[in-house]
2 protein chains.
Amino acid sequence: MIADSAARRDIPDATVARLPQYLRALRDLAERGVPSVSSEELAAAAGVRSAKLRRDLSHLGSYGVRGVGYGVDMLAHEITRELGLAQNWPVAIVGLGNLGHALASYLALATRGFQVVALLDRDPDVIGQQIAGMTVGPVDDLERIVTGRGVAIGVIATPAASAQGVCDRLTAVGVRSVLNFAPCVLSVPAGVDVRKVDLSTELQILAFHEQRKAPAAQEMTPLLEVAP
Amino acid sequence: MIADSAARRDIPDATVARLPQYLRALRDLAERGVPSVSSEELAAAAGVRSAKLRRDLSHLGSYGVRGVGYGVDMLAHEITRELGLAQNWPVAIVGLGNLGHALASYLALATRGFQVVALLDRDPDVIGQQIAGMTVGPVDDLERIVTGRGVAIGVIATPAASAQGVCDRLTAVGVRSVLNFAPCVLSVPAGVDVRKVDLSTELQILAFHEQRKAPAAQEMTPLLEVAP
DNA sequence: TACTGTGAAGCTATTCACAGCG
DNA sequence: CGCTGTGAATAGCTTCACAGTA
């Protein structure tokens, strides 16, 4: 009875996307020495409703105690295992401009479950630089380095024009998880996951809502009248 | 009949989140001189199914021509207006470490619809620096600067420990849209929108799927057995 | 008693499939 | 004819409300 028999299959995507938030909240609680937490408290710490949290956790199994709550350490450990963070995934970052540099620094320090094993760039001035304790290698050697160091996750922080080419080369040598910071759509073979992070998109979504909040501000740019 | 009578209200969130992708694809097409595009082609360029694209665009109004497709310039203009990008939203970036620096550089150049009007940091060594043509100001003057320059959108790129405090000060002086890069949950008053961008979360979601793809790789770190 | 886990209901989003129009 | 726009069907997600349990 080490692993639970039920609920191991098909955790909904929406739930998976929230598990990292729960894990972060649990680690904060653990640091403060809190041994146990109710769904109400943990939900508040993660910024969701308690019913949603309970539903999410029910997909992992029954790790709560009725009348009491969830054991902080136990639940943190469980989510860590479920997310696949019990091992250190080898990560390569391609493109070390401003953004890639920032990502490398952040990843080198803060994040458990991942290890930066390769930094790659095209620019001869950047190749050879030390960033967060690693030397930047030439992107020309991408295949050799990625294969040799067993990279599982590729982070693309190149300009948009280079992103698809880099992505093709990564997937060609077996990388099946890609995090794309370039502002473009990537085509990948079946079986490869791509996630996209895009500052412009996020700002534009905010702008949409901001515009709806501030009809008074339209006197600044009187584009057209809206009927009612 | 300048603005359409129908379909101006409640565009679904899922649709709003995709409009930026459509806009990007349309701008690419416009640059290549393509005058008109079918839902099938535009959907492919944006990485979605054509039925989804048509449903999304139907929420904006009827801007297509049956038997032909959508006018590239006209649709781009329409989405631009709908997203609120016909004006330049004043943006403040708080926190100019590696990440804030990268964001400032990116925003200064690449993005229409937004203008960086303030860079703020706490560190005396950073205050006074020139970044992307702007001088970093002291975060102590946040209220005066944000109010004086009419900031509409605040970008938080501070460490997690400072993020809530900065957010409180931004919302206190009327900022109602916040983009949060700090790895923490922000509490905000009603009427304020927060969007979060988080490298760790994205990597952890990839790790979850990667783990499900690669049961063979478990020999590398044999943590525990899973029954069947 | 105080809480979790979950059936059932309601809501949102996606997809199908085709009527209707240029 | 070829394509858009959309009713209808489906799938997925969230919320309610409470039975069940330590």
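Predicted, not measured: the structure shown is a model, and the values here were computed from it. (Residues numbered from 1 in each chain as written. Chains lettered and ligands numbered in written order. Predicted model: local features only at pLDDT ≥ 70, side-chain atom pairs only at ≥ 80, totals over all residues. Heavy atoms only, no water.)

**Q** Any chance you could explain the sheet that holds strand 2 (residues 64-65) of chain B here in plain terms?
**A** In a beta sheet, neighbouring strands are held together by backbone hydrogen bonds and run either parallel or antiparallel to one another. One open sheet holds the 3 strands; their spatial order is 1-3-2 (chain B), and the pairing between them is antiparallel. Taken across any chain shown, the strands that pair with only one partner, and hence form the sheet edges, are strand 1 (36-37) and strand 2 of chain B. (Pairing = 2+ DSSP bridges. Helix = DSSP H or I, 4+ residues; strand = E, 2+ residues; numbered from the N terminus.)

**Q** What exactly am I supposed to notice about the side chain of S105 of chain B here?
**A** Relative to the elements of secondary structure, S105 of chain B occurs in helix 5 (residues 98-110). A distance of 3.3 Å separates a polar atom in the side chain of S105 of chain B from a polar atom in the side chain of N98 of chain A. Residues within four places of S105 of chain B in sequence aside, it is in contact with N98 of chain A together with A132 of chain B. (Polar contact = N/O pair within 3.5 Å; in protein donor to acceptor, adjacent residues only side chain to side chain. Contact = heavy atoms within 4.5 Å.)

**Q** Sorry if this is basic, but what is going on with the protein's contact with DNA strand C here?
**A** Of all residues adjacent to DNA strand C, which total 23 residues, the nearest are S39, R55, R66 and Y70 of chain A together with R18 of chain B. Taking the atoms of DNA strand C that fall within 4 Å of the protein, sugar and phosphate contribute 56% of them. Here R54 of chain A contributes a side-chain N or O atom positioned 2.9 Å from a base nitrogen of DNA strand C. Separating a phosphate oxygen of DNA strand C from a side-chain N or O atom of R18 of chain B is a distance of 2.7 Å. Counting residues per element, the ones that place at least two in the surface near DNA strand C are helix 3 (50-58), strand 2 (64-65) and strand 3 (69-71) of chain A together with helix 1 (13-31) and helix 3 (50-58) of chain B. (Near = heavy atom within 4 Å.)

**Q** Just to check I follow, could you spell out the nonpolar core for this structure?
**A** For soluble globular proteins, nonpolar side chains are generally found buried alongside one another. Counting 101 residues, the largest nonpolar core has I79 and I93 of chain A together with I79 and I93 of chain B as the members making the most contacts within it. For I93 of chain A, the residues in contact, after removing those within four places along its chain, are G100, L103, A104, L107, V116, A118, L119, L120 and V155 of chain A. (Core = buried A, V, L, I, M, F, W, Y, C linked by side-chain atoms within 4.5 Å. Buried < 20%, exposed > 50% of the residue type's maximum accessible area, 1.4 Å probe, protein only.)

**Q** Can you walk me through the packing of helix 8 (residues 199-213) of chain A against helix 5 of chain B in this structure?
**A** When two helices pack together, their arrangement is given by the angle between their axes and by how far apart the axes lie. Interhelical geometry of helix 8 of chain A versus helix 5 of chain B gives an angle of 70° and a closest axis separation of 11 Å. When the axis of helix 8 of chain A is compared with that of helix 5 of chain B, the two are roughly perpendicular. Within the contact between the two elements, helix 8 of chain A uses L199, S200 and L203 of chain A and helix 5 of chain B uses L103, Y106 and L107 of chain B. (Axes fitted to C-alpha atoms, helices over the stretch in contact; angles between N-to-C directions. Parallel < 35°, antiparallel > 145°, perpendicular 65-115°, else oblique.)

**Q** Sorry, what's going on with helix 8 of chain A here?
**A** Along an α-helix, residues three or four apart share an orientation, since each turn contains 3.6 residues. All names here are of chain A. For helix 8, which comprises 15 residues, the first-to-last C-alpha distance of 21 Å matches the rise-based estimate of 21 Å (1.5 Å per residue) to within 8%. The buried count for helix 8 comes to 12 of 15 residues, which makes it a mostly enclosed element. Listed as buried for helix 8 are L199, S200, T201, E202, L203, Q204, I205, L206, A207, F208, E210 and Q211. With a side-chain oxygen positioned 3.0 Å from the backbone nitrogen of S200, the residue opening helix 8 is D198. (Expected span 1.5 Å × (residues − 1).)

**Q** Mind showing me how you'd approach the side chain of S200 of chain A here?
**A** Assignment of secondary structure puts S200 of chain A in helix 8. Within the structure, S200 of chain A has its side chain in polar contact with the side chain of Y106 of chain B (distance 3.0 Å). Discounting residues that sit within four places of it in the chain, S200 of chain A has contacts with R24, Y106 and T111 of chain B.

**Q** Hey, could you run me through the state of the cysteines in this one?
**A** Think of a disulfide as a covalent bridge from one cysteine sulfur atom to another cysteine sulfur atom. The tally for this structure, following the rule as stated, stands at 0 disulfides over all chains. Free cysteine: C184 of chain A, not disulfide-bonded; nearest cysteine sulfur from C167 of chain A at 8.7 Å. (Disulfide = S-S within 2.5 Å.)

**Q** I tried to follow the domain arrangement of chain A on my own but got confused; where do I start?
**A** By convention, interface size is frequently given as the accessible area that disappears when the constituent parts associate. When cut into domains, chain A gives domain 1 (5-82) and domain 2 (89-200). Between domain 1 of chain A and domain 2 of chain A, the C-alpha centre-to-centre distance is 31 Å. (Domains from an automatic or database assignment.)

**Q** When you look at the interface of chain B and chain A in this model, what are you seeing that I'm missing?
**A** Each partner contributes to the interface: chain B provides 72 residues, whereas chain A provides 70 residues. When the buried surface of chain B facing chain A is broken down by residue, L199, Q204 and L206 of chain B rank first, second and third, together holding 10% of it. A salt bridge links E202 of chain A to R195 of chain B, with the nearest nitrogen and oxygen atoms 2.4 Å apart. Our enumeration of links across chain B and chain A arrives at 30 residue pairs in polar contact (both at pLDDT 80 or more). Of all the secondary structure elements, the ones that give two or more residues to the side of chain B that touches chain A are helix 1, helix 2 (39-46), helix 4 (72-83), helix 5, strand 8 (153-156), strand 9 (177-180), strand 10 (193-196) and helix 8 (199-213) of chain B. (Buried area = accessible area lost by both parts, 1.4 Å probe. Salt bridge = Lys/Arg side-chain N within 4 Å of Asp/Glu carboxyl O.)

**Q** Is there a simple way to think about the protein's contact with DNA strand D in this case?
**A** Taken together, 24 residues are adjacent to DNA strand D, and R18 of chain A together with S39, R55, R66 and Y70 of chain B come closest. A share of 56% is what sugar and phosphate atoms reach among the atoms of DNA strand D within 4 Å of the protein. One of the side-chain N or O atoms of R54 of chain B is found 2.9 Å from a base nitrogen in DNA strand D. Among the secondary structure elements, those contributing two or more residues to the surface near DNA strand D are helix 1 (13-31) and helix 3 of chain A together with helix 3, strand 2 and strand 3 (69-71) of chain B. Grouping the amino acids of the surface near DNA strand D by side-chain chemistry returns 7 nonpolar, 7 polar and 10 charged. (Nonpolar A, V, L, I, M, F, W, Y, C, P; charged D, E, K, R; others polar.)

**Q** Just checking my understanding: could you explain the relation of the copies chain B and chain A for this structure?
**A** Note: a rotation about an axis with an accompanying shift along it relates these two copies of the chain. For the pair chain B and chain A, the relating rotation is 180°, the translation along its axis is 0.0 Å, and the fit reaches an RMSD of 0.0 Å. Here the transformation between the copies is reduced to the relation of a two-fold axis. The fraction of interface residues of chain B whose copies in chain A are also interface residues reaches 96%, indicating that both copies meet through the same surface. (Least-squares fit on C-alpha atoms with pLDDT ≥ 70 in both.)

**Q** What's the story with the packing of helix 5 (residues 98-110) of chain A against helix 5 of chain B in this structure? I'm lost.
**A** With their axes 8 Å apart at the nearest point, helix 5 of chain A and helix 5 of chain B run at an angle of 160° to one another. What the angle tells us is that helix 5 of chain A and helix 5 of chain B run roughly antiparallel. Our pair here, helix 5 of chain A against helix 5 of chain B, has a crossing hand that is left-handed. Residue-level inspection shows N98, L99, H101, A102 and S105 of chain A of helix 5 of chain A in contact with helix 5 of chain B, the latter providing N98, L99, H101, A102 and S105 of chain B. (Left-handed = near helix turned anticlockwise from the far one by under 90°.)

**Q** I'm lost on helix 5 of chain B in this one. Help?
**A** The end-to-end C-alpha distance of helix 5 of chain B, which contains 13 residues, comes to 18 Å, matching closely the 18 Å that a straight helix rising 1.5 Å per residue would cover. What helix 5 of chain B keeps buried is the set G100, A102, L103, A104, S105 and L107 of chain B. Elements that come into contact with the buried residues of helix 5 of chain B comprise helix 5 and helix 8 of chain A together with strand 4 (89-94), strand 5 (114-121), strand 6 (130-131) and strand 8 of chain B.

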